[in-house]
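Fold and geometry: a report
Spelled out, the chains give:
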Amino acid sequence: MFVLAMSGIYIHKASNKYVILSLGLLLYICYMFFSFLFDSIPNISTDTQRFSYAIELNENWDKSHLEEFENVLKKKYLDNAVESVEYRDKEQAWEKLSKDYNLEFSANPLNNIIILNLSKKMLSATKSRLLSDYESFIRLENINSSHSSSRSQNSAIVYILFIPLLTVLIILFLYILQGAAHSNLSSNKKLIESLILAGAHHSKLAAVFRKNAILNFLVAFILSLILYFTTIYLIKQCFQLNITDLSIVNVFKSILIPSIILFGLHSFILLWKVDKYLKSI
């Protein structure tokens, strides 16, 4: 502000406003783009669990009751957590074992079994109820528990959506920045010429615009951060998605890298424009 007061150069507020808005929007979109590239933004994921149980049957069990048993199981015992119910015939199982391992026993020691695939763990009380309600059930054992997680693949969407948008925003920002610089320089033409004639060095005049560029970037930076973290909050809270936690390191990289690039680009273009104008006087 000291340099600005000494030189008397006036910076248009309207020019600053458009530069700040365009730069803030560009920073925000860059943060989002880099966040998806670095997996900073929590990805939508689908976590699934499966619990498998084997029910050993005695000779009194009739295979024709399987469908009825499945319906009762869903409604009475497991609250629709049943994914599938499979019947395993002992003769088929024994034939396969004999073939695979060259067994030569005369009698089949196996029993028929039912395999239950559930989306949640069966409680001990539920096991006891099943064994007591069905006399044909010899025992019920947990045979497998698995967990799988699938993460949404959004890299193609990121490039399809963000690359064209970033291109348009960069062109718009450069157009507004150069227009604002030209407007400020033209409106202060007579004053700049008189200051140069009075012996003011180009660096002193350029410092006025450098100071203004830094202030504009700081305001745009704060604006973009507000938009960025508001977006993350909405993703996590409003849509109630099953998403992983934020990666703080990647969030920091997603903000730092585009901020440095755009600050350098902003300063370079503005000072190049000012230097070119001053040398033309």
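Let us look at the structure shown here. (Residues numbered from 1 in each chain as written. Predicted model: local features only at pLDDT ≥ 70, side-chain atom pairs only at ≥ 80, totals over all residues. Heavy atoms only, no water.)

1. Some points on the packing of aromatic side chains
What counts here: Only the six-membered ring of Trp is used, alongside the rings of Phe and Tyr, when aromatic pairs are assigned; centres must lie within 6.5 Å, and planes under 30 degrees apart are stacked while those over 60 apart are edge-to-face, with the rest tilted. The secondary structure listing takes helices from DSSP runs of H or I that are at least 4 residues long and strands from runs of E that are at least 2 residues long, numbered from the N terminus. Between buried and exposed lies partly exposed: a residue is buried under 20% and exposed over 50% of the maximum accessible area for its type, with that area taken using a 1.4 Å probe on protein chains only.
Applying the stated rule across the entire model yields 11 aromatic pairs. Measuring from centroid to centroid gives 5.0 Å for Phe217 and Phe263, while their planes differ by 70 degrees, and the two rings are edge-to-face. Linking Phe217 in helix H8 (residues 202-238) with Phe263 in helix H9 (residues 248-280), this pair joins segments that are 46 residues apart in sequence. Phe217 gets classed as buried once you look at its relative accessible area, which sits at 7%. Given a relative accessible area of 32%, Phe263 falls into the partly exposed group. An aromatic cluster is present here, built from Phe33, Phe34, Phe36, Phe38 and Phe162 joined pairwise through their rings.

2. Digging into the environment of Phe34
Along the chain, the position of Phe34 falls in helix H2 (residues 13-37). The exposure class of Phe34 is buried, given its relative accessible area of 18%. Here the alpha-carbon distance between Phe34 and Val158, two residues 124 residues apart in the chain, equals 9.5 Å.

3. Examining the nonpolar core
Test applied: Nonpolar cores were defined as sets of buried Ala, Val, Leu, Ile, Met, Phe, Trp, Tyr and Cys residues, with membership established by side-chain atoms within 4.5 Å. Working rule for contacts: check all heavy atoms of both residues, and any pair within 4.5 Å makes them a contact.
Counting residues in hydrophobic clusters, the biggest one holds 42 residues, and the most contacted among them are Leu23, Leu26, Leu27, Tyr228 and Leu262. Contributions of two or more residues to this core are made by H2, helix H6 (155-187), helix H7 (189-197), H8 and H9. Ranked by the residues each element gives to this core, the list is headed by H2, at 12 residues. Among all residues touching Leu23, those that are not within four sequence positions of it are Phe173, Phe217, Ala220, Leu262 and His266. Counting 22 residues, the second largest nonpolar core, distinct from the first, contains Leu66, Val85, Leu116 and Tyr134.

4. As for the side chain of Ser136
Residue placement: Ser136 occurs in the loop between helix H5 (124-133) and strand S4 (137-151). Other than its neighbours up to four places away in sequence, Ser136 contacts Glu56, Leu57, Asn58, Asn60 and Trp61.

5. So, empty space enclosed by the protein
To find the voids left in a structure, one rolls a probe of water-molecule size over its atoms. Heads up, the rule is: A 1.4 Å probe that fits into a set of points on a 1 Å grid over the protein atoms alone but cannot get out defines a cavity; an open set with protein on both sides within 12 Å along at least five of seven lines defines a pocket, and lining residues are those with an atom within 4 Å of a point. Grid points are joined across faces, edges and corners, and a volume is the space filled by probe spheres set on the points. For this classification, Asp, Glu, Lys and Arg are treated as charged, while Ala, Val, Leu, Ile, Met, Phe, Trp, Tyr, Cys and Pro are nonpolar and the rest, including Gly, are polar.
Under the definition given, this model contains 1 cavity of 30 Å³ or more. Of all elements in the fold, only H2, H6, H8 and H9 reach the threshold of two or more residues within the lining of the largest cavity. A per-element tally of the lining of the largest cavity places H6 first, with 4 residues. Of the residues in the lining of the largest cavity, the class split is 6 nonpolar, 6 polar and no charged.

It is worth stressing that arrangement in space is one thing and function is another; only the former is reported here.
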